[in-house]
Each structure stands twice: as structure tokens, then as C-alpha cells.
Amino acid sequence: MTLMCAGIGIGATSTIAIGKAYCLQTGQIEACRRTITAEEVAHETCRFQQAVLAARQDLKAVREQIPASTPTDICAFIDTHLLMLEDVALVEAPIETIKSQLCNAEWALQLRRNALVKIFDAMDDPYLRTRKDDVDHVVGQIQKHLIGQYDNSVANEDDLKGRIILAQDLTPADTIHMRNRGVAAFVTECGGPMSHTAILARSLGIPAVIGIHRVTQYLQHGELLIMDAEQGVVLADPDERTLQHFQKRVEVEQAHIASLRALVNEPAITADGTDITLMVNIELPEDIEATNDIAAAGVGLYRTEFLYMNREHPPNEEEHLASYRQIVEGLNGIPITIRTLDLGADKEADGCCHDMQPASNPALGLRAIRLCLKEPKLFRPQLRAILRVSVYGPVRIMIPMLSNLQELHTVKSIIDELKRELKQEGHGFDPEIPIGGMIEVPAAALAADSFARHLDFLSIGTNDLIQYALAIDRVDDEVNYLYDPLHPSILRLIQYVIQAGRKRGKPVSMCGEMAGNPLYIPLLLGMGLREFSMQPGSLLEAKRIIRASDIGHLTEQVANLMQHIDEDDISRWIPQLYPVTH
Ligand code: PEP
Ligand code: MG
């Protein structure tokens, strides 16, 4: 008998896993109220403080064990949890409750948890709403120590290799332990596409299916499972034929992954001889290793927002410079495109913009270049540092979220002024440093010709372009289903930008998620795109597709498709552009 459960699939390098189920007991511990005497308050307070301390030590130990290759967002999650364990809102309020209500520490912590979760629940921003998971994870860690149940179960478990983990939810710390112990996949009850678990699965390259309600009740510990992250399904107790079918798929997938490594030093050139530039998107100095490992042609997008996060004051020029210099030098001469600050909307850094009023519609408010032009103290030190770092390697400046030419002219005059300043001060810089702009607002896409005239290069940011063109908040689960890169309006906007760049002789690249999606690469090649920038993990597969593609054929096919985008469902035609069959 085969039982099938369906959820949201998170594909990694591999998408199929076959293995025995490992049921992990997670989830919230239900605390009970116990009344204590006034004499017991000191003891109870001490118990609570010790549990917090122990939870902190556990997490610090995990933080120290994180291998250098671990993606930066995982470290950011752990750092957030560590900060929460030091936050008075979480660790001091329960002590007050123990005193005022004469109750046990578990109950006082539970009350605090409920109050904090209520605050998160009331938030408008769906991304922030999901951050109540952080509260639950941290509270869960303290509760385990309080009730003496903390057995480090995942950390000490040797038997996880090749297992498919079933859990209600997973903490970042558990996830790291599991990756280090070679788990095959995981399946969780909680989570949507923006949840921790989804983000962690993508970053760590572990296939997962998330959001199968009550999966830990349907499936049993030790039972044989097949997980297909491509379809978002889990099969339990498969019959022999099903098992053989999936075993074959695993073999094919493994061989494919191994064959991709052979492409590292091969050129990204199409079957009919057109050179394509394949670059990566990075966020931190730690990402240099992955960039060099796959021999990327350059960095097409360096998101600098991380420098501004989790701190009280914006970084000064020297801090910017030190960070950029480490990256530029680490890249051994390949070009890097440094995007100026894109804070606001989904990228928050409260500490850097103390006096900012909360926007009623942040995605349409003071973000990216709008914020920078209003706040010279954020922008000028960054621009000066980018100019100064250009003596250490080939550097380009990229401006996010341009919507009109006036913004661009203002930025260029600031850059000219800073160049004069630096010259007077005796600092070196590349006087011809290229200045490019991100085309991610529909207005800018439709005015791409004017932008191309005044910029050295354009880069299409499809994540935002789709959000703004289709009027769908990119972090809102409720409208995610409308997020459609193949919408005729999006394809027309992209094509228009590529043509505008070509007409003006200015390179056009794409650095939104669409650029790294194997399904869309042939379409984009056929539209005339020659520069792609993507997550390092997607680059070798992109190269494989490019090397098997025929530009002449694709150009003809896509021109034909574009003639019919209003009449036909274009997604039906996309697989036919794909050059190689698996
Ligand atoms: C984009 O909008 O496509 C993009 C690459 O920028 P970000 O995802 O950082 O907003
Ligand atoms: Mg963007």
C-alpha cells in the first residue's frame, strides 16, 4: 500500500530522496501553572535564569560549529535567536511575572510567549508575521531546559544518515545538526514558502516538503518513504515498482549532479558559438568561496544591505571599504557589480534609520535609491567606499529601483562631486567606473531607452519588476499564486529592455530569480539576453543549458512566440524551447 501526502516542495540540487522516516519530537511544550510561595520566588527566578543561560550556551556552541561554507542566512537566523535570548522583552518579563503572580518559571515564560506571539500576529507584514516562529523556537529551547528534557536529541543522534526527517517544525540549529549528519531530506507540518524551513532548505541544498499538516501522525518512525520535492509529495510504504521507478530517478539525478562539476572550467558558449556571461549574486564576503568554486565570470549583483543590518548605526566609510576590499581582492580579478543600498520594504534595518516614519505601503515608499537620496549619511560613505575600492579590482556601481531620470542625474552628480573630493584628499579610484541601473520598476522598463542612454549598463531585477507590474506583494503568501514571470506584460517589458540596451550599445543583464531558473533560460536567450546573474547553486545547470542551446533557433522560436503571447498559454511552449532532455 502506498500512502501519499502533499505539501510545498522545496527542490535543492537533488529533488528525490528515498529513506527511512525519522520522527523528531518537536513542537511547543505545554506549560502548566503552579503556584509558588513568596519564599520560592528566588529559587524559581534562578531556575529560569539558568535555563536561559543554558539555552544561550547551546546556541553559541551551534554557532561555533557552523562550517565556513554555511549559507549566511542560516548564521543570521542563529544570531537572531541569540539576540532574542538577550532581549529584555523575552528574558526579563517572565522574572517580573514570577514575582507578581507567584507562579512557576514555565508558566511565566508561556505567558510572555503568548503576549509576544499576539504582537507578531497583529502585524500587517506577512513576512514579519511568520517571525513569531523565532519566538517559539527560542521559548522552546528555554522550556526544554526548564523541564529538564533537553537531551540535545538531534545533536547527539548518530542514526540520521540517509534518513527523511519528519517534524512539526525545525529550528535553524536542528537543521544545521541534521545537515552535518547527512540527512536525506525533511518533511514538516508547519511552514509556507517564506517560512524558515523553506529558506533553510533552499540555502542548505536539502530537499524538503513542507506544510503537510499532521504528517507526524500519518507516517511512522522507521517506515520507508519516498520524497519528491519537485511534485511536493511524500509516498509511504511504496510497492516494488514505485520504489524501482524512484531509485532510477535518483541515479539519473546523481549522475547529472556529478556531470555538472565537469562544466566548471568549460566556457559558457552556446552550441552555435555565442558567448554568454554567467555571473553570481552574492551578499557577504563568505560568498566568495562559492563564486570562485564554480569559476563564475563575475558578480552581477552584490547586495550590500547585510552590512547595515543588526546594528545600531550605519556603517562608516572605512567599514564599507574593509568589507568591499575583502570581497574585491578575494575575487581574483573578476568584475564585481556593487549595488548601492536597497533598504526598505522587505529588507529592514531599523538601527540605521531611527528617524524614519513607518510607511503605509513600504514597497511603494522610501526604499532603495529614494531612501539614499533622502539620507546622504547612508549614501555618501557607501559611494566613497565603492569608488575607493575600485583601485583593487574591476568594480561597477549599480543603482537599485530607479524610476525616473532625475534620480539618475542626481546620483551621477553626487558621484562626480565625491570623485573631486577623493582626488583632493589623495585617494585613488577608477575615474571611468561604470555606473549601471536596475530596471525593476515598470516605469523604468518602459523608459529603458532613456536610461540606457545615460547608463553604462542595465540589469533587470525581475523579483521587483514582477511585483510592481502585477501589483502583488512579493512576500505575501496570499497572492503568491499570481507571481508569474511568463505573464505577457512581463515578457514584453523584458524584451523591451533588452532591445533598448542593444539599440544603445549598452549591456543588459538579468539578476532577478528568473535568470537562474532553468525553465526560462532558453526563452531569455531567444529574447537576446546575453548576461545572467544568479545564485551560485544555479550556475552550472544554467551553463549546461546554454551550451546545448542554439541561439539562431531560439531567436526564431521566441520571435514567433512573442507574436502570439496574447492568444496562447505561453507556459505550454516553454518546455519545447528546452534544449536537452534529462
Ligand atoms: C530583483 O528585484 O529582482 C533583485 C534582484 O533585487 P532584490 O531581490 O534584492 O530586490
Ligand atoms: Mg529588487
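In short, a report on the structure. (Residues numbered from 1 in each chain as written. Chains lettered and ligands numbered in written order. Predicted model: local features only at pLDDT ≥ 70, side-chain atom pairs only at ≥ 80, totals over all residues. Heavy atoms only, no water.)

Overview of the coordination of the magnesium ion (ligand 2)
Right, on to step 1. Summarising the metal site, the magnesium ion (ligand 2) is bound by the protein donors E440 (OE) and D464 (OD), whose distances to it range over 2.0 to 2.2 Å. Note that E440 is positioned in the loop between strand 13 (435–439) and helix 18 (442–446) and D464 in helix 20 (residues 462–470), a separation of 24 residues in sequence. We note that E440, like D464, is buried. (Donors = N, O, S within 2.8 Å, 3.2 Å for Na, K, Ca; no water. Helix = DSSP H or I, 4+ residues; strand = E, 2+ residues; numbered from the N terminus. Buried < 20%, exposed > 50% of the residue type's maximum accessible area, 1.4 Å probe, protein only.)

Focus: the packing of aromatic side chains
Right, on to step 1. Inspection of the entire model under this criterion finds 1 aromatic pair.
Right, on to step 2. On the numbers, 5.8 Å between centres and 90° between planes, the contact of Y302 with Y324 is edge-to-face. Of the two residues, Y302 is situated in strand 10 (residues 299–303) and Y324 in helix 14 (residues 317–330); the sequence distance between them amounts to 22 residues.
Right, on to step 3. A cation over an aromatic ring shows up here: R396 above the ring of F457, its NZ or CZ 3.7 Å from the ring centre. (Phe/Tyr/Trp six-rings, centres within 6.5 Å; stacked < 30°, edge-to-face > 60°. Lys NZ or Arg CZ within 6 Å of the ring centre and 35° of its normal.)

Remarks on unusual backbone geometry
Right, on to step 1. In this structure, D237 takes a positive phi of about 50° despite not being glycine.
Right, on to step 2. Structurally, the position occupied by D237 is in the loop between strand 8 (233–236) and helix 12 (240–261).

Describing the pattern of salt bridges
Right, on to step 1. Evaluation of the coordinates by the stated rule reveals 28 salt bridges.
Right, on to step 2. The salt bridge partner of D136 is R113, with a shortest N-O separation of 2.6 Å. You can see D136 sitting in helix 7 (residues 132–146) and its partner R113 sitting in helix 5 (residues 105–121), a full 23 residues away along the chain.
Right, on to step 3. Overall, the relative accessible area of 15% leaves D136 in the buried class.
Right, on to step 4. E251 serves as the salt-bridge partner of K248, at 3.7 Å between the closest nitrogen and oxygen. Residue K248 and its partner E251 are both found in helix 12; the two are separated by 3 residues, about one turn of the helix. (Salt bridge = Lys/Arg side-chain N within 4 Å of Asp/Glu carboxyl O.)

Let's talk about the packing of helix 12 against helix 23 (residues 539–548)
Right, on to step 1. In contact at an axis separation of 9 Å, helix 12 and helix 23 are set at 85° when each is read in the N-to-C sense. Accordingly, the angle class assigned to the pair helix 12 and helix 23 is roughly perpendicular. Contact residues: H256, L260 and R261 in helix 12; L540, E541 and R544 in helix 23. (Axes fitted to C-alpha atoms, helices over the stretch in contact; angles between N-to-C directions. Parallel < 35°, antiparallel > 145°, perpendicular 65-115°, else oblique. Contact = heavy atoms within 4.5 Å.)

Let's talk about the sheet that holds strand 10
Right, on to step 1. If you walk around this closed barrel you meet the 8 strands as 9-10-11-12-13-14-15-16, and the pairing is parallel. Taken over all neighbouring pairs, the strand axes of this sheet differ in orientation by 25° on average, direction set aside. (Pairing = 2+ DSSP bridges.)

Some points on the nonpolar core
For soluble globular proteins, the rule of thumb is that nonpolar side chains tend to be buried together.
Right, on to step 1. Counting 102 residues, the largest nonpolar core has L278, I336, L491, I494, L524 and F532 as the members making the most contacts within it.
Right, on to step 2. Ranked by size, the runner-up nonpolar core spans 29 residues in total, among them V41, M84, L109 and V138. (Core = buried A, V, L, I, M, F, W, Y, C linked by side-chain atoms within 4.5 Å.)

As for the pairing of strand 16 (residues 531–534)
Right, on to step 1. Where burial is concerned, the two faces of strand 16 agree: the one with E531 and S533 and the one with F532 and M534 are both buried.
Right, on to step 2. Where strand 9 (residues 277–282) lies against strand 16, 4 bridges are found, and the strand directions are parallel. Its bridge partner lying in strand 16, M279 is registered against S533.
Right, on to step 3. Where strand 15 (residues 508–510) meets strand 16, 2 bridges bridge the pair, whose relative direction is parallel. When the bridges of strand 16 are listed, S509 appears paired with E531.

Considering the pairing of strand 13
Right, on to step 1. The buried fraction of strand 13 amounts to 5 of the 5 residues, a majority that puts the element mostly inside the structure.
Right, on to step 2. Side chains I435, G437 and I439 project from strand 13 onto one buried face, and the interleaved G436 and M438 project onto a second face that is buried too.
Right, on to step 3. Looking at chain direction, strand 12 (residues 395–399) and strand 13 are connected through 3 bridges and run parallel. Pairing of I399 across the sheet is with G437, part of strand 13.
Right, on to step 4. At this point the chain moves from strand 12, through helix 17 (residues 405–425), to the parallel strand 13, and the crossover so formed is right-handed.
Right, on to step 5. Relative to strand 14 (residues 457–460), strand 13 is paired through 4 bridges, and the arrangement is parallel. The residue of strand 14 that forms the bridge with G437 is L458. (Right-handed = clockwise from strand over helix to strand, strands pointing away.)

Here we look at empty space enclosed by the protein
Right, on to step 1. If you walk through the whole model with that rule in mind, you get 2 cavities of 30 Å³ or more.
Right, on to step 2. What the largest cavity holds in volume is close to 80 Å³.
Right, on to step 3. Lining the largest cavity we find 14 residues, and of these R303, R339, M438, E440 and N463 sit closest to its centre.
Right, on to step 4. Elements that contribute at least two residues to the lining of the largest cavity include exactly strand 10 and helix 20.
Right, on to step 5. For the lining of the largest cavity, the residue count by class is 3 nonpolar, 3 polar and 8 charged. (1 Å grid on protein atoms, 1.4 Å probe; cavity = no way out; pocket = protein on both sides within 12 Å on 5 of 7 lines; lining within 4 Å. Points joined across faces, edges and corners; volume = space filled by probe spheres on them. Nonpolar A, V, L, I, M, F, W, Y, C, P; charged D, E, K, R; others polar.)

Remarks on the side chain of R396
Right, on to step 1. Assignment of secondary structure puts R396 in strand 12.
Right, on to step 2. An unpaired buried charge is present at R396: no salt bridge exists, and E531, the closest side chain of opposite charge, is 4.5 Å distant.
Right, on to step 3. Only 3.2 Å separates the side chain of R396 from the side chain of T337, close enough to count as a polar contact. (Lys, Arg positive; Asp, Glu negative; His and termini not counted. Polar contact = N/O pair within 3.5 Å; in protein donor to acceptor, adjacent residues only side chain to side chain.)

Quick notes on helix 21 (residues 488–504)
Right, on to step 1. In a regular helix each residue adds 1.5 Å, so 17 residues correspond to 24 Å; helix 21 covers 24 Å between its end C-alpha atoms and thus fits that length.
Right, on to step 2. Taken together, the buried positions of helix 21 are occupied by I490, L491, L493, I494, Q495, V497, I498, A500 and G501.
Right, on to step 3. Positive phi appears at G505, one or two residues downstream of helix 21, with a value of about 70°. (Expected span 1.5 Å × (residues − 1).)

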